[in-house]
Amino acid sequence: MTDARVEGREVLGGEIGKAGRGDRETPRRDTIIVGRDLAVRLQEALDRAEARRQGVGATLQTQMESLRLDLMRTEGRLLEAREREREVERARVQIAVDYEILNNRVLKKCREQQWQAQQEAQARTGLAFASLDDILSLGDPSVVRGGLRPEASTATRPPLLDWRREREEEEVSSSHRLDRVEREKGKH
């Protein structure tokens, strides 16, 4: 707009100067022609200034549109990034849940295997002691394989030795002996 003012002043100043000289040299009719000519030139200067202003406005509008598009793209990218973050968080939670489920299954399976191994060990131990009982009762006529004869009385049967109890008693007594020996060594 300042360019239009400057251009308008130049045109106006030049034409007024001509018109002023025309008053002295030419008749009034020439002044009217010069005035019209001046009006046309001023209008042309205003049109050019308006065209420049519209060009600048259009450029600004184009730049604003470009900025709006960039802003929309950026917002879209931010929304996509947030959605990816939510998906990652959901995946983390699911992984943690799956891990707990699998961990519980593994622990349960280990417990079951331990229990089963204990049961098998007890069964083997029971069979071993049953075999030992069978061996010890070989000479006893009141005992048949798998238990007592129905007609045999338990009162007439001789007591079976309890090897486990004897073994425990031996271990306890040997540990007491070691304690006594160590105490005696400490006194000397």
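Fair warning: this is a prediction, and the values are worked out from it, not measured in the lab. (Residues numbered from 1 in each chain as written. Predicted model: local features only at pLDDT ≥ 70, side-chain atom pairs only at ≥ 80, totals over all residues. Heavy atoms only, no water.)

Each helix and strand counted, the protein has 3 helices and 2 strands in total. If you list the helices and strands of the protein from N to C, you get α-α-β-β-α. Here the protein holds 188 residues, and the buried ones make up 7% of them. Taking as baseline every contact in the protein between residues at least 6 positions apart, the subset at least 24 positions apart corresponds to 48%. About 16200 Å² of surface is accessible on the protein, with carbon and sulfur atoms providing 56% of the total. (Helix = DSSP H or I, 4+ residues; strand = E, 2+ residues; numbered from the N terminus. Buried < 20%, exposed > 50% of the residue type's maximum accessible area, 1.4 Å probe, protein only. Contact = heavy atoms within 4.5 Å. Areas by Shrake-Rupley, 256 points an atom, 1.4 Å probe, with all protein chains shown as cover.)

This part takes up a negative patch on the surface. Taken together, Glu168, Glu169, Glu170 and Glu171 make up a surface patch of like negative charges. Structurally, the position occupied by Glu171 is in helix α3 (residues 163-187). (Patch = residues over 30% accessible without salt bridge, like charges linked within 9 Å, V, L, I, M, F, W, Y side chains within 5 Å. Salt bridge = Lys/Arg side-chain N within 4 Å of Asp/Glu carboxyl O. Lys, Arg positive; Asp, Glu negative; His and termini not counted. Charge placed at Lys NZ, Arg CZ, Asp CG, Glu CD.)

On to the UniProt feature "coiled-coil region" (unreviewed entry) in the protein, then. Look at the UniProt record and you will see "coiled-coil region" (unreviewed entry) annotated at residues 64-91. Here residues 64-91 runs as 100% helix and 0% strand, with 40 Å between its end C-alpha atoms. (UniProt positions renumbered as here; feature names shortened; annotations may be inferred.)

A cluster of nonpolar side chains, namely Val93, Val97 and Ile101, defines an oily patch on the protein surface of about 220 Å² accessible area. Its location among the elements puts Ile101 in helix α2 (residues 28-136).

Here we take up the pattern of salt bridges. By the definition in use, this model includes 7 salt bridges. Between Arg53 and Glu50 there is a salt bridge, and its shortest N-O distance comes to 2.3 Å. Taken as a pair, Arg53 and Glu50 lie in helix α2 at a separation of 3 residues, close to a single helical turn. Here Glu83 and Arg86 are joined by a salt bridge, their closest N and O atoms 2.6 Å apart. Of this pair, Glu83 and Arg86 both sit in helix α2, separated by 3 residues, roughly a single helical turn. Ionic contacts of the salt-bridge type, sharing partners, join the residues Glu83, Arg86 and Arg90 into one network.

This brings us to the confidence of the model for the protein. Mean pLDDT over the protein works out to 76, with 63% of the residues at or above the 70 mark. Within the protein, no element has a lower average pLDDT than strand β2 (residues 147-148), which sits at 50, and none a higher one than α2, at 87. (pLDDT = per-residue confidence, 0-100.)

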